[in-house]
Amino acid sequence: MSDDTPPAAGTELAVVSPPARAGSDSIARLLVRRGIISEAQLVYAKRVQAKLVSDRSLIEILKDLRQLTGDQLADALKSEPLDIRLGDLLVELGRIRGGDLEAALTIQRETGTHRKLGDILVEYGFIDEQQLIEILASKLGFPFVMPSFAQVDRELLRQVPPKMFSQNCFLPVERRNGRVLVAFADPLDLEDREAADRIFGRLVLPAIAPRPTIREAIELYRRGIQRAPVPEADDSTVVGLVNGLLDEAMQQGVSDIHIEPMKDRLRVRFRRDGVLAVHREFNLDLAPPVTTRLKVMAEADIAERRRHQDGRILYESAATGAALDLRVSFYITVHGEKIVLRLMNKKGELLALEDIGMAPRMLQQFRDEALQCPSGIMIVTGPTGAGKTTTLYSCVNALNDLETSIITAEEPVEYVIDGISQCSINPKIGVTFTETLRHIVRQDPDIIVMGEVRDAFSAETAIQAALTGHKVLTTFHTEDTVGGLLRLLNMGVEAFLIASTITCVVAQRLLRRVCPKCAVPYTPTPEEYRRLGYTHGDLAGAELMIGRGCAACRFTGYKGRVGIFELLILSEPVKEAVMARKTTHEIRRLSIESAGLVTLFEDGIAKAARGKVSLPEVLKRLPRLDRPRPLFELRRLLGE
Ligand SMILES: [Zn+2]
């Protein structure tokens, strides 16, 4: 390109431009209009383009010639609505080749009438969905949304004629400042935009969402309306029976429903506050029709009775109008198919951070030394059902403000929070954990919530993100806090990386709360003193309680649950111990001495001494590793 010197005034252009596709310089024209490049620079870039053997876009050439920066381009593109088709835009931006566009258009012509160009480009691998979204979001400034079905405003959905859902790819999400936020897979698709405009008028606030996410939400909605008109839905029919169970579960705040065929009966149990209890029992004859009904609702295979299956149900209660998102698992047992339904997207159960049950001093330390850190990894660890997710969401809620961008990768989204971008991992539609993590940092987040660190890849992603200044919140499956650090070491994560990125590890358990209605004082047995490693004096000042059982607690003596916590802040001595690969015992000792660690067992004792939980539960459910310190010292450490 040695003879390519920038044009002087009056220079004649000897090269004839090749026939360009219509509209293929519309962005360049916009740049000229905005005064970012001159007419002469455009002419020159075109001349260069004509001379190149390779297929290079004008925009790329302008960038190569350093006449245009990415920021200038983005600003210009956002400045005015661009009358341009997606395909042309992608060619102009150099993201696909002109030949690819021609091929995709040919496929569109030959395969059918209603295929969207964006669909074809993605399906035939000319561009991947995520790249497409990135271009549309970053270059054209469309806000990116990840609508989960439970978030979607049903009132808005009902305004869309069902036929439109099969022809167009958009989803009204919510009302925002008097306008209607509509998620498009391709916001440049004129047909889709016009269809949305016809329904919502000029109120449409266009956003962009991944095509599979939109399709999934529409699919769930369609299944919902197909099922809605059930005339004879009372308790005498199977439909009525199943609906009744779902309604009751919803009203009682149940987390899981177990429908179990036994030898002589069909048993239904509800899990409430973490504990299963029999809800109703039915004649065994009802097992096959109930199973079939649930399979129909979950779109599982009705004929398949020998293999495990799973599915998802969107249930809209005719009685209350409330919607319920359920994950269903059909599991083959010797007595037939056992069905477990997990109730998802429970709204309004978020606890404020001060209400999760941390003792005052621990909460203060957690806020000051972990939550307020601008970057680093915070881990909540514990077995399944320990309340980790609730704690994670309480943290997210405490951090959620207008200046902070929070993005999540969860499996699946369990609580819907306003103002953050939540993504439900769903391998069935190609949204895998690994793939999502790859893309998450490109969304320019301040805080990343990663459902779980499950393997070396997710650990590495979390550490990379923390090293580049992000705050990462995640969960882990370990017994206690020090176990969390060890697990990372065992995953092959370098000790110095752990020491420089992890800010804190919180271990957690949930114990049942002593029913306040029927609580009576409790005196520990000599055996319990022995198991505590205490003498009588060590428990001085304790007000131990136990529930006798009453109607309010369904005669269990317990009502609700209480979080038990162990907070490990990575102080300097602890970091050094990790780097020196000291033993668990040594790290634990240092944490107790230098970072004020109170163990799960000790926190449990302190809560039992306040009558919140029972001592027998503390002894049964919490790990006891060292001899606990006397109560008065624990109270001082916890600020109680
Ligand atoms: Zn009671």
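Note: the structure precedes this text.
A quick note: this is a predicted structure, and the numbers were derived from the prediction, not measured. (Residues numbered from 1 in each chain as written. Predicted model: local features only at pLDDT ≥ 70, side-chain atom pairs only at ≥ 80, totals over all residues. Heavy atoms only, no water.)

(A) Quick look at unusual backbone geometry. For E299, which is not glycine, the phi torsion reads 55 degrees and is therefore positive. Of note, E299 is situated in the loop between α14 (287-298) and β7 (309-316). (Helix = DSSP H or I, 4+ residues; strand = E, 2+ residues; numbered from the N terminus.)

(B) Spotlight on the coordination of the zinc ion. Within the first shell, the zinc ion binds the protein through C515 (SG), C518 (SG), C550 (SG) and C553 (SG), at distances of 2.3 to 2.4 Å. In this structure, the zinc ion is coordinated by four donor atoms arranged in tetrahedral fashion, with angles at the metal of 105 to 112 degrees. In terms of primary sequence, the donors binding the zinc ion are separated according to C-x2-C-x31-C-x2-C. (Donors = N, O, S within 2.8 Å, 3.2 Å for Na, K, Ca; no water. Tetrahedral: all angles 85-135°; square planar, octahedral: opposite > 155°, others 65-115°.)

(C) Quick look at the sheet that holds strand β12 (residues 421-424). Ordered by their spatial adjacency, seven strands build an open sheet running β12-β11-β13-β14-β10-β15-β18, and the pairing between neighbours is mixed. Of all the strands in the sheet, just β12 and β18 (558-569) have a single pairing partner and so form its edges. Taken over all neighbouring pairs, the strand axes of this sheet differ in orientation by 15 degrees on average, direction set aside. Sheet analysis places strand β13 (residues 447-450) next to strand β14 (residues 471-476), joined by four bridges and oriented parallel. Of the residues in β14, the one forming a bridge with M450 is T474. Along the sheet face, helix α17 (residues 433-440) touches β11 (406-410), β12 and β13 and points at about 165 degrees away from the line of β11. (Pairing = 2+ DSSP bridges. Axes fitted to C-alpha atoms, helices over the stretch in contact; angles between N-to-C directions. Contact = heavy atoms within 4.5 Å.)

(D) Summary view of the sheet that holds strand β1 (residues 170-176). Ordered by their spatial adjacency, three strands build an open sheet running β1-β2-β3, and the pairing between neighbours is mixed. A strand with exactly one partner marks an edge of an open sheet, and here the two such strands are β1 and β3 (204-208). Between one strand axis and the next, the sheet turns by 30 degrees as a mean value, whatever way the strands run. By the bridge criterion, five bridges tie strand β2 (residues 179-184) to β3 in an arrangement that is parallel. Pairing of V180 across the sheet is with V204, part of β3. Where helix α11 (residues 190-200) meets the sheet, its contacts fall on β1, β2 and β3, and the angle it forms with β2 comes to roughly 155 degrees.

(E) Layout of the packing of helix α24 (residues 600-609) against helix α26 (residues 631-638). Contact geometry for α24 and α26: axes closest at 10 Å, N-to-C directions at 100 degrees. Considering the angle they form, α24 stands roughly perpendicular to α26. Facing α24, whose interface residues are E602, D603, I605, A606 and A609, α26 presents L631, L634, R635 and L638. (Parallel < 35°, antiparallel > 145°, perpendicular 65-115°, else oblique.)

(F) Spotlight on the pairing of strand β4 (residues 256-261). Burial analysis of β4 places six of its six residues in the buried class, the great majority of the element. Burial along β4 is two-sided: the residues D256, H258 and E260 and I257, I259 and P261 are all buried. As judged from the six bridges shared by β4 and strand β5 (residues 265-272), these two strands associate in the antiparallel manner. In the strand pairing of β5, I259 is matched with V268. Hairpin connection from β4 to β5: three residues lie between these consecutive antiparallel strands. With four bridges connecting them, β4 and strand β9 (residues 336-344) associate as antiparallel partners. (Buried < 20%, exposed > 50% of the residue type's maximum accessible area, 1.4 Å probe, protein only.)

(G) Geometry of the side chain of E602. In this fold, E602 is placed in helix α24. Residue class for E602 comes out buried when judged on its relative accessible area of 3%. When near neighbours in sequence (up to four residues on either side) are disregarded, E602 contacts L597, P628, R629 and L634.

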